[in-house]
Amino acid sequence: MYLDRNENLYGPAPKCFDVLRSIGMKELSLYSRDFQRGVKSLLTERLAADLKIPEQQILLSEGSEDMLKQVIHCYVNSGEKILCPAQSWWYYQVVASEVGGVTVQYKLKERVDRFHYDVDEMISLYAKESPRVVLIASPNNPTGNSLDESDLQRMTEAFSESIIILDEAYWGFADASIERIAEQIKSYRNVLIMRTFSKYYALAGARIAYAVVGLDLTHLTKFASHYLGYNRISEALALAALDSPEYYRTITAQMQEDRKRFYDLFDAKPGFTCFRSEANFVLVRIPVKIKEVLRDVLKAKGIVIKYFSDTEFPNCIRITLGTHQQNVLMMEALQMIVYKEQR
Ligand SMILES: Cc1ncc(COP(=O)(O)O)c(C=O)c1O
């Protein structure tokens, strides 16, 4: 049982499987002709209508990983700086190194059972380093915290000379409303907001994501253009997912309940800190003495989670929220470990 990579283990909506059963000659053998109609694809048109954002400001990619690569390769030259969270998805540093960029890290601060962005500190670091790009993740992986609107506003004002990438890969697990994004992208001209179908929509294997880009980022809009279209099967899957809001609301509500159960379980055990998360995973600091036994018991049960090294996050693990049944198995294993230790 893999609870280590923040995949959505419920799988996608039934309509996505209907799409797969209906794939034929058109999707497999023909290029789309959407470009001739003046739009990128059916999916960008649909997203534009749903999000109330001009289609020209929506880009598609093979996952957010690919989008991030495109933005960094488009804008960052060798020796230029990228400001990114010290505790974050490992690829941020790797993509910077692909172009010879220099990463400057800012730290997320820990307060009781939650991490948060220290905007004042970020602003002073920004003034000192003058980065080309500022990367923010909301919710952040692995800390699980997200950014509130007033902090984002302060950042966009302070970082107006740079490009701001807001990685919202874990959008939807706390609040799946779509109202705010149109306002944000109108107000923040130097911002790019990345969202993926991998997590909330459980389509990681289809490799499809989108970005909403601010009006100042026209260079990227050109750089990212695809005249022959995108993967038509992935697009059809994404459209089917967008047509299934009830399915996703239901599985997310269950994940939110289970997330709360994990908080309760760890809060009741001395020596554990389970950080509050707006994503489909929880970061947990565990007592040092339990580390080995935890690894052994979970291994014996075939449960795989993410163990951080001591330099990244001392004594921390990250548990992806699985299906309810998988979460129950995980919680039973944890109870057993703690019980063993206490005897
Ligand atoms: C913060 C963050 N952004 C993006 C991704 C990758 O998303 P995608 O599957 O769309 O490439 C991950 C993957 O785990 C992630 O943790």
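Residues numbered from 1 in each chain as written. Predicted model: local features only at pLDDT ≥ 70, side-chain atom pairs only at ≥ 80, totals over all residues.

**So, the sheet that holds strand 8 (residues 163-167)**
Thinking step 1. Spatial strand order, 2-10-9-8-7-3-4: seven strands in an open sheet with mixed pairing. At either end of the open sheet lies a strand with only one pairing partner, and these are strand 2 (58-61) and strand 4 (102-106). Ignoring which end each strand starts from, the neighbouring axes of this sheet average 20° apart.
Thinking step 2. Looking at chain direction, strand 3 (residues 81-85) and strand 7 (residues 133-137) are connected through two bridges and run parallel. In the sheet register, Ile82 faces strand 7, and the bridge partner there is Val133.
Thinking step 3. Packed on one face of the sheet, helix 3 (residues 42-51) meets strand 2 and strand 10 (209-213) and runs near 135° to strand 2. (Pairing = 2+ DSSP bridges. Helix = DSSP H or I, 4+ residues; strand = E, 2+ residues; numbered from the N terminus. Axes fitted to C-alpha atoms, helices over the stretch in contact; angles between N-to-C directions. Contact = placed C-beta atoms within 7 Å.)

**Topic: the nonpolar core**
Thinking step 1. Residues Ile165, Leu192 and Met194 are the most contacted members of the largest nonpolar core, which totals 95 residues.
Thinking step 2. There are two domains that each give this core at least three residues, and those are domain 1 (2-8 + 246-342) and domain 2 (14-242).
Thinking step 3. Leave out the neighbours within four places in its chain, and Leu192 touches Val71, Ile163, Ile165, Ala211, Val213, Gly214 and Leu217. (Core = buried A, V, L, I, M, F, W, Y, C linked by C-beta atoms within 7 Å. Buried ≥ 20, exposed ≤ 12 C-beta atoms within 10 Å, placed from the backbone. Domains from an automatic or database assignment.)

**Concerning the site of the ligand**
Thinking step 1. Near the ligand lie 13 residues; those nearest to it are Gly63, Glu65, Ala169, Thr196 and Ser198.
Thinking step 2. A total of three residues in the shell around the ligand trace back to one element, the largest contributor, which is helix 4 (residues 63-75).
Thinking step 3. Among the residues forming the shell around the ligand, the class breakdown is five nonpolar, six polar and two charged. (Near = placed C-beta within 6 Å. Nonpolar A, V, L, I, M, F, W, Y, C, P; charged D, E, K, R; others polar.)

**Comments concerning the environment of Pro54**
Thinking step 1. Position of Pro54 relative to the elements: it lies in the loop between helix 3 and strand 2.
Thinking step 2. For the pair Pro54 and Asn141, spaced 87 residues apart in the sequence, the C-alpha separation amounts to 29 Å.

**Structural notes on the sheet that holds strand 11 (residues 273-274)**
Thinking step 1. Across the sheet, five strands lie side by side as 1-13-14-12-11; this open sheet has mixed pairing. The open sheet has two edge strands, strand 1 (2-3) and strand 11, and neither has a second partner.
Thinking step 2. Across two bridges, the pairing between strand 13 (residues 304-307) and strand 14 (residues 316-320) is antiparallel. Each bridged residue has a counterpart across the sheet, and for Tyr307 the counterpart in strand 14 is Ile317.

**With respect to helix 5 (residues 91-98)**
Thinking step 1. Inspection of helix 5 places Tyr92, Val95 and Ala96 among the buried residues, and these make up the whole buried set. Taken around the axis of helix 5, the buried residues stretch over an arc of 105°, which confines them to a single face. Facing away from the buried side of helix 5, by more than 90 degrees, are the exposed residues Ser97 and Glu98.
Thinking step 2. On its buried face, helix 5 is in contact with helix 4, strand 3, strand 4 and strand 7.
Thinking step 3. Within two residues after helix 5, Gly100 carries a phi angle of roughly 75°, on the positive side. (Arc of directions from axis to C-beta.)

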